[in-house]
Amino acid sequence: MAAVASAYTAVRPDVTVHWGTRPLAMFNDQPVWEADDGYDLIFLDHPMTGAIAQRRALVPIDTVLPASVLQRIADESMGAGHASYRWAGHQWALGVDTTSQVACHHQTRLGALGAQVPRTWDDVLALASSAPGSVALPLYPSDAMCSLISLSANAALAAGSPPDWLHRDGVEMLVELVRLVDASCFDLNPPRLLEHMRQDGRIAYVPYVFGYADLARPPLAFTDVPGLDGVPRGAVLGGAGLGVFPSSSAVDDAAAFAAWCMSTDVQRDVLVPAGGQPGNRLAWEAPGQDSATRHYLMATRASVEHAYVRPRDPWWPEFQREAGQQLVRMLRGGPEHSAAAIEAELRELAERHRSQTPSAAQVRS
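Residues numbered from 1 in each chain as written. Predicted model: local features only at pLDDT ≥ 70, side-chain atom pairs only at ≥ 80, totals over all residues. Heavy atoms only, no water.

With 71 residues, the main nonpolar core has W165, L177 and F319 as its most contacted residues. It is helix α7 (residues 141–158) that contributes the most residues to this core, 8 residues altogether. If near-sequence neighbours (up to four positions away) are discounted, W165 is found in contact with M145, L148, I149, S152, Y308, P311, W316, F319, L346 and A350. Listed in part, the 29 residues of the second largest apolar core include V15, L242, V244 and A255. (Core = buried A, V, L, I, M, F, W, Y, C linked by side-chain atoms within 4.5 Å. Buried < 20%, exposed > 50% of the residue type's maximum accessible area, 1.4 Å probe, protein only. Helix = DSSP H or I, 4+ residues; strand = E, 2+ residues; numbered from the N terminus. Contact = heavy atoms within 4.5 Å.)

Attention now moves to the sheet that holds strand β4 (residues 94–97). Spatially, the 3 strands line up as an open sheet ordered β1-β8-β4, and their pairing is antiparallel. One side of each edge strand has no neighbouring strand; the edge strands of this open sheet are β1 (41–44) and β4. Between one strand axis and the next, the sheet turns by 40° as a mean value, whatever way the strands run. Examined bridge by bridge, β1 and strand β8 (residues 240–244) share 4 bridges and lie antiparallel to one another. By the bridge assignment for β8, L41 is matched with V244. Taken strand by strand, helix α10 (residues 251–261) contacts β1, β4 and β8, and its axis lies near 160° from that of β8. (Pairing = 2+ DSSP bridges. Axes fitted to C-alpha atoms, helices over the stretch in contact; angles between N-to-C directions.)

Attention now moves to the packing of helix α8 (residues 168–178) against helix α16 (residues 339–356). Packing of α8 against α16 brings their axes to within 9 Å, and their N-to-C directions diverge by 120°. With respect to α16, the element α8 is oriented oblique. As for the relative orientation of α8 and α16, their crossing is right-handed in sense. Of the residues in α16, those touching α8 at R168, V171, E172 and V175 are A339, A340, I342 and E343. Counted by class, the contact of α8 with α16 contains 5 nonpolar, no polar and 3 charged residues. (Parallel < 35°, antiparallel > 145°, perpendicular 65-115°, else oblique. Left-handed = near helix turned anticlockwise from the far one by under 90°. Nonpolar A, V, L, I, M, F, W, Y, C, P; charged D, E, K, R; others polar.)

For α8, the complete set of buried residues consists of G170, V171, M173, L174, V175, L177 and V178. Close packing links the buried residues of α8 with α6 (121–130), α7, β6 (205–210), α15 (316–332) and α16.

Turning our attention to the packing of aromatic side chains. Under the counting rule described, the total for this entry stands at 12 aromatic pairs. For the pair W121 and Y208, a centre-to-centre distance of 6.2 Å together with 50° between the ring planes defines the contact as tilted. One end of the pair, W121, is in helix α6; the other, Y208, is in strand β6, with 87 residues separating them in the sequence. For the pair W121 and Y208, one class covers both residues: buried. (Phe/Tyr/Trp six-rings, centres within 6.5 Å; stacked < 30°, edge-to-face > 60°.)

For β8, the tally of buried residues reaches 5 of 5 residues, placing the bulk of the element in the interior. Taking every second residue as pointing to the same face, both faces of β8 are buried, with A240, L242 and V244 on one and G241 and G243 on the other. As paired elements, β4 and β8 share 2 bridges and run antiparallel to each other. Within β8, the residue paired with D97 across the bridge is A240.

The following block contains the structure:
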């Protein structure tokens with residue numbers, strides 16, 4: 001966003017945009033209302049949307065921007081990137097960056113193994129079994145949970161059912177793979193795993209990891225996720241939405257900047273060259289964009305277009321944080337934690353969070 005903020009000075013020389021950063025773990029888990037520390041704008045993950053709406057922690061951006069602008073953004077949206085930030089009749093953020101979990105392989109190592117890029121889950125398990133250490137998965141709690149959700153959604157779709165965040169076949173797929181990967185995966189989030197994959201070690205393939213267009217350079221190449229039936233669908237939607245704090249003294253200017261970030265020209269000419277994954281579909285399709293990203297865009301497009309939008313109910317963010325920690329504890333525990341036991345534990349935890357989350361009226365009182 002530094003490049004986008006810098007480019008904005010040519011459009012609005014009277015407005016200066018300064019950016020701060022926060023760790024990836026805080027982006028995943030920190031409630032938005034705890035980050036309101038004098039900022040006008042914030043990047044957020046879409047599962048926060050229901051909790052944000054309940055607390056009115058951000059400005060409903062549709063109350064500031066013209067309806068025609070929001071309709072254009074919706075029409076030009078990549079996949080569910082824009083719609084994922086809509087809740088309770090309002091738009092709470094704009095999906096500036098849109099990606100999903102995708103797959104990544106090390107071109108040299110995979111070739112040395114004489115293997116093709118896996119397309120089905122059986123292909124993934126066959127590679128992991130035949131070449132120990134060649135397959136990895138980020139198992140930091142939030143990422144382990146996201147992979148479980150992706151596998152569950154894919155398994156449900158393959159069975160002809162609506163996608164769901166928890167499916168027995170998805171749990172079994174994750175448990176089986178975790179038993180085949182190195183234990184160091186439990187300490188790795190996506191950026192660290194990809195950097196480790198680039199530099200050293202035996203890792204040749206990662207079936208589920210959030211995509212980063214700026215890392216799509218040899219020897220790493222990104223592709224669509226594998227599927228239980230070979231169809232790349234159900235991968236967790238990622239990316240980032242840009243929202244406006246109600247405490248801002250420049251709500252109109254902040255919302256205008258967010259909308260400007262969504263324009264095709266900015267997404268194509270500023271965001272993509274800076275290494276972003278555009279939330280604007282026309283920027284994905286623009287001539288030269290795919291080659292500029294070393295074919296990241298087209299190689300992962302199906303996964304992004306058919307990504308799964310995680311639940312956005314107010315109880316979900318805190319549940320996902322605790323569920324990821326509990327999932328990792330059980331996965332580390334070994335064979336005694338069966339897929340059935342993991343599924344039962346997570347369902348019980350979800351019900352507890354659902355029943356204990358206060359209503360909107362209680363939050364406002």
